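# Structural description and commentary
Listed below are the residues making up each chain.
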Amino acid sequence: MFLINCPYCGERDQQEFKAGGEAHIERPKQPTELSDDEWAEYLFMRKNIKGVQFERWNHAHGCRKWFNMARDTSNDEIKAIYKIGEKPPTQ
Amino acid sequence: MTQNLRIKSSEFIDETNRISFKFDGKTYYGFKGDTLASALIANNIHLVGRSFKYHRPRGIMTSGSEEPNAIVQINPNSNITEPNARATEIEIYEGLEASSQNCWPSVNFDIGGINNFLAPLFPAGFYYKTFMWPKSFWEKYEFLIRHSAGLGKSPNTRDPDIYDHRNIHCDVLVVGAGISGILAARNAAKNNLKTLLLDEKNELGGSTIFEANEDNKINNNLASEWLKKEINELKNIKNLEIKTRTSVAAYHQYNYLLARENLTDHLNKKDKKNKIRQRLLKIRAKKVILATGALERPLIFNNNDRPGIMLSSAIKKYSNFYGVACGTKNIFFTNNDSAYESALSLHNKGINVEAIIDIRENSDAKIIKKINDAGIKIYWSHTIVDTRGYKRISSISIMRLSNDGTSVTGSKISISCDCLGIAGGWTPAVHLYTQSGSKLTFDEERKIFIPKADTKEQISVGSCGGDFELDEIITNLNYKLKNFLNIDKTDFDSIALENDHETSKRNIWLLPSDQSIGKTKPFVDYQNDATAKDIKLALREGFRSIEHVKRYTTTGMGTDQGKLGNMHALGIIADTAGVKMGELGTTTFRPPYTPLTFGTIVGRNVGEFFDTFRRTPMNDWHIKNKAEFENVGQWKRSWYYPKEGETMYQAVQRESKAARQSAGILDASTLGKIDIQGSDASEFLNRVYTNAWSKLAIGKCRYGLMLNEDGMVYDDGVTTRLSENHYIMTTTTGGAANVLGKLEDYLQTEWPELDVYLTSVTDHFATASLCGPNSKKILNKIIPDLDLSDDNFPHMSFREVLIDKIKCRIMRISFTGELSYEINVPASYGEAIWQKCIEAGKEFNITPYGTETMHLLRAEKGFIIVGQDTDGTMTPIDLQMDWIVSKKKYDFIGKRSLYRSDTMKQDRKQLVGLLTEDPNIVLEEGAQIVSELNQKPVEMLGHVTSSYFSPNLNKSIALAVVKDGKNMMGRKLFVPMENKNISVTVANTVFYDEKNERINA
Ligand SMILES: [Zn+2]
């Protein structure tokens, strides 16, 4: 059970949160311009990394805010938590 | 029977408090402080059960939670009986009843014991290999297997006990209250850290507390005496909470641990009453100190499982702690010095030790001299090749071990005994450590897995960290604590330590016998009856991964998770396969460390507290009027209102007719309501719904369909424009929370530039939905001032009015196809407005109806229910709802997906109506639809999604999804059922009032 440091509320138990999949996948601004393959790339293709993965999380039973997390999937270590719109940490 | 093996009294046992208990129907006596195991041994009973596969007689092996054999059934004659309890952990109390498991008809004469002689037929993977063929025989096999095997019987009635949960947050959690744990907890608490100390036993002090070795001294006192004083002082320390009888079951990431606190199991029956039996502690600790100790290893040799064969450390605990001799003719068998301590302990208490068999060539430990002085014979370089005694060990045969340890030589010596203590070294209890995700490293020299590294949040101290000698333990503990707790000094910086040191150890995972291995039974996993032979067989058959060998041989898969024999299994695999143990890795230790009752896991969340449920403000009225309820998500919704003697079918038929003929009323309070405000609210709705919203006039309502980005229908509902920048959206009852979450997601992550605010107001409003041709008259009685003419208040519009000073939002919208008004009031007025409608409607025979009638009425009109007629694979086009998809809008959620080659396919499954040839036959929802009856394999075209008998049309109607259904209008299809094939015709989805005239009726 993770202890997640919500950027708006502070440390809370994982059960207050909902995971939202891979982060930094921007919705295309002009979907109609895309081929089926390009659209499918946006719609379906997700990475499943062993190692540091950037993910979206939502403090569903708290402030309802979405934020991003860098998590090492091999040991569940949370490397960083940062707000939506902020760049992922490089380290 | 008398307690003929009770020896000199122990300070841990209260001999003034005699307790009677029953085992296998007979009454015995023990003392307060005894476990069931110690009391049985005091009564000279070792045989307590039968093994799982071969039904071999088995006795008590250990004195703790690692016990593999002494598994008993508590309260065997009660329907709240409890299986798989360890006799070594049950503290006896007046009235305790327990019985052996795994034996039939009795532990002394067990039919299944024949399996023992058939053992060659029961090798590893036996069940997989044998009982699978022929397949049709499985049921017969199953009966046989279930009857002769099995671990106890489960209770068959509701658990009457009370269980509880508690959340604990602490600075430091110390697991295990042996000498290391006590010193660690004491120093943490003294440094103002909120500290919690847990131990699974009822006494603090671990194994040091009953230590009798005169060579182990702390500050010139016996280590045990010194520790007792320390324990006495603990109660004066602030910030320290101590819990005994509390076993840590699980250690999850981020220092989240679950522990079971046992509160009443040791109490007399009458004292247990109305008390919480067990409590699950949910602990979040800033730092965790693991002081879980070590488990003694058995030795693996031929017939090493007879009753009376025990761990040497257990024999010591029974004598020193419980004051019980495990036998009158004791022998020890060892590969290290610790058995000598046990032997000396017995000798000093006047208990006869016949001999010590040591596989080593010699040892220069000080204690050897004491053994020699005591006149106890030591057989160096010898091993046990066989044991005798069916229900209790009676003798052993020993032979000289070859230099390389793989064979035996010389002549066989037989020595009689009634108890054999085995000492195979120590295994650090790293179970919790690995559960936390931390990695182990293998110490080849000492043949143990130890923690790889301490972290800022977790350390392992004492023997679970690989420190076994007193001076090592204290010195390392002192050093580690200072770093971990960031403190300059501890209160044992200048402690004086004296102790003997373990000299040599000779490790042989599988000891040889004079017989070939095929003829021997060297048990590795006692509980699951897995032998070294089985492991070797698995390797011969090609298994290599330790995880596979484990599952194939079932080694380590019992309720004890192989706490005793897992290391030997690894060792034998490594030796046989010629690899290093460190490279082999270990199997995964999974929670719980010891079994938990279901009661503890669920705590108070049973019965009506199993899940939270939501009730509408009109709920009391529904109950008073005998509504039957249906669960919709967490909501309790009125399902139907049966009158005296009415079946559900009759009630629903009556309600459905009344709603169309005169007036009906539905509690629609559960519909999700989202308040949407902001200058970009219209633009936002444009993006989330498939249809256009910019031109919706203030005071008007519109139905909207929401898709997922993949183009599939996600939710639907009516949204009303209250003012320029203010909308109220309704969602399905079940979808409310998810829709809000999804909309928030888009707002926060994709379109943060939009000025829109969402608020869930589902619980803020109660909704009474008035419907039927007389609904206008009823509403007029309630609000005479409001002009209800179609010109002033047309379909799909909204008015805000006052009823008795209560602000109401009235929407003229319809989910039944009838003239219909939804009256929304602040929740606290819900029941009042409902009552008002009922009163006003009396003269029109207003009929309350529930969800079932609502479903029927909308099906007559072909209105979909998201989640019933759709399943996440239906586009609006599939639903024949093309009319709601805007062609003009550049984008909305899911739009692009509607133009994918797959979603554009013409022959997707599409929503159609179905009419049965016989109008009285009602199809089953979920039934499959085919076009050919004689074709094999038959192609499934789709399935029935909604089906009812329509009282208003006097015939059966159904909605279905059918492949290429759009092009099948009028086609005859079949619904094959178990006993008959039902002929159906594809029809329009709208069965009733196709021209929508009744909305303005
Ligand atoms: Zn938050």
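Now for a quick tour of the structure. (Residues numbered from 1 in each chain as written. Chains lettered and ligands numbered in written order. Predicted model: local features only at pLDDT ≥ 70, side-chain atom pairs only at ≥ 80, totals over all residues. Heavy atoms only, no water.)

### Notes on the overall build of chain A
Secondary structure summary: chain A contains 1 helix and 6 strands in total. Written out in order from the N terminus, the α and β elements of chain A read β-β-β-α-β-β-β. Considering only C-alpha atoms, chain A reaches an extent of 45 × 30 × 25 Å along its principal axes. Expressed as a percentage of its 91 residues, the buried residues of chain A come to 36%. (Helix = DSSP H or I, 4+ residues; strand = E, 2+ residues; numbered from the N terminus. Buried < 20%, exposed > 50% of the residue type's maximum accessible area, 1.4 Å probe, protein only.)

### Here we look at the interface of chain B and chain A
Tallying the contact residues gives 28 residues for chain B and 29 residues for chain A. Overall, the association of chain B and chain A removes approximately 2,400 Å² of surface from exposure, summing both partners, and the carbon and sulfur fraction of that is 44%. Of all residues in chain B, the largest losses of buried area upon contact with chain A belong to Tyr 254, Tyr 890 and Arg 896 of chain B, amounting jointly to 28% of the total for that side. At the junction of chain B and chain A, the tally comes to 6 salt bridges. Between the two partners, chain B and chain A, sit 22 residue pairs in polar contact (both at pLDDT 80 or more). Among the elements that line the side of chain B that touches chain A, the one with the most residues is helix α21 (residues 736-750) of chain B, at 9 residues. Here the residues of the side of chain B that touches chain A are counted per class, giving 10 nonpolar, 9 polar and 9 charged. (Contact = heavy atoms within 4.5 Å. Buried area = accessible area lost by both parts, 1.4 Å probe. Salt bridge = Lys/Arg side-chain N within 4 Å of Asp/Glu carboxyl O. Polar contact = N/O pair within 3.5 Å; in protein donor to acceptor, adjacent residues only side chain to side chain. Nonpolar A, V, L, I, M, F, W, Y, C, P; charged D, E, K, R; others polar.)

### Examining helix α22 (residues 775-782) of chain B
Residue and element names in this part refer to chain B. Those residues of α22 that fall on the buried side of the exposure criterion are Ser 775, Ile 778, Leu 779 and Ile 782. Projected down its long axis, α22 carries its buried residues within an arc of 95 degrees, all on one side. Buried residues in α22 make contact with β40 (765-771), β41 (797-803), β42 (806-812), β43 (820-826) and α23 (830-841). (Arc of directions from axis to C-beta.)

### A look at the pattern of salt bridges
All names here are of chain B. Using the criterion set out here, one finds 68 salt bridges over all chains in the structure. A salt bridge links Arg 186 to Glu 233; the nearest nitrogen and oxygen atoms lie 3.3 Å apart. Of this pair, Arg 186 sits in helix α5 (residues 179-190) while Glu 233 sits in helix α6 (residues 223-234), and the two are 47 residues apart along the sequence. On the basis of relative accessible area, Arg 186 is assigned to the buried category, the value being 7%. Glu 683 is paired through a salt bridge with Arg 687; the nearest N and O atoms lie 2.7 Å apart. In this pair, Glu 683 and Arg 687 are both assigned in helix α20 (residues 681-688), 4 residues apart and thus about one turn of the helix distant. Ionic contacts of the salt-bridge type, sharing partners, join the residues Asp 164, Arg 166, Glu 241, Lys 243, Glu 261, Arg 279 and Arg 604 into one network.

### Details of the sheet that holds β42 of chain B
Residues and elements named next belong to chain B. The strand order across the open sheet built from 6 strands is β41-β42-β43-β40-β34-β44, with neighbouring strands paired in mixed fashion. Two strands in the sheet have a free side with no partner beyond their single neighbour: β41 and β44 (847-848). Taken together, the 7 bridges between β41 and β42 define a ladder with antiparallel strand orientation. Considered in β42, the bridge of Glu 800 is made with Arg 809. (Pairing = 2+ DSSP bridges.)

### What about the coordination of the zinc ion?
Residues and elements named next belong to chain A. The protein atoms that coordinate the zinc ion are Cys 6 (SG), Cys 9 (SG), His 59 (ND1) and Cys 63 (SG), at distances of 2.0 to 2.3 Å. Coordination at the zinc ion is tetrahedral, judged from the 4 donor atoms that bind it and the angles of 105 to 115 degrees they form at the metal. Going along the chain, you hit the donors of the zinc ion in the pattern C-x2-C-x49-H-x3-C. With Cys 6 in strand β1 (residues 3-6) and His 59 in the loop between β4 (52-58) and β5 (66-72), this residue pair connects regions lying 53 residues apart in the sequence. Side by side, Cys 6 and His 59 carry an identical accessibility label, which is buried. (Donors = N, O, S within 2.8 Å, 3.2 Å for Na, K, Ca; no water. Tetrahedral: all angles 85-135°; square planar, octahedral: opposite > 155°, others 65-115°.)

### Here's the deal with the environment of Ser 224 of chain B
All names here are of chain B. Mapped onto the elements of the fold, Ser 224 is located in helix α6. Spatially, the C-alpha atoms of Ser 224 and Thr 208 are 5.5 Å apart, while their sequence positions differ by 16 residues. In this view, Ser 224 contacts Thr 208, Ile 209 and Glu 211; residues no more than four positions away in its chain are not counted.

### What to know about the packing of helix α9 (residues 338-348) of chain B against helix α10 (residues 366-373) of chain B
All names here are of chain B. Between α9 and α10, whose axes approach to 10 Å, the crossing angle comes to 35 degrees. When the axes of α9 and α10 are compared, the crossing they make is left-handed. Residues Tyr 340, Glu 341, Ala 343 and Leu 344 of α9 touch α10, and the partners they reach there are Ile 367, Ile 368, Lys 370 and Ile 371. Looking at side-chain class alone, the contact of α9 with α10 contains 6 nonpolar, no polar and 2 charged residues. (Axes fitted to C-alpha atoms, helices over the stretch in contact; angles between N-to-C directions. Left-handed = near helix turned anticlockwise from the far one by under 90°.)

### Things to note about the side chain of Ser 99 of chain B
Mapped onto the elements, Ser 99 of chain B comes out in strand β7 (residues 97-100). Those residues in contact with Ser 99 of chain B, other than ones at most four positions away along the chain, are Phe 23, Asp 24, Val 72, Gln 73 and Pro 76 of chain B.

### Focus on the packing of aromatic side chains
Counted by the stated rule, this structure contains 23 aromatic pairs over all chains. One aromatic cluster is present, formed by Phe 12, Phe 210, Tyr 318, Phe 321 and Tyr 322 of chain B through successive ring pairs. Taking the ring centre of Tyr 8 of chain A as reference, the NZ or CZ of Lys 65 of chain A above it sits at 5.4 Å. Over the aromatic face of Tyr 93 of chain B sits the side chain of Lys 272 of chain B, whose NZ or CZ is 3.7 Å from the ring centroid. (Phe/Tyr/Trp six-rings, centres within 6.5 Å; stacked < 30°, edge-to-face > 60°. Lys NZ or Arg CZ within 6 Å of the ring centre and 35° of its normal.)

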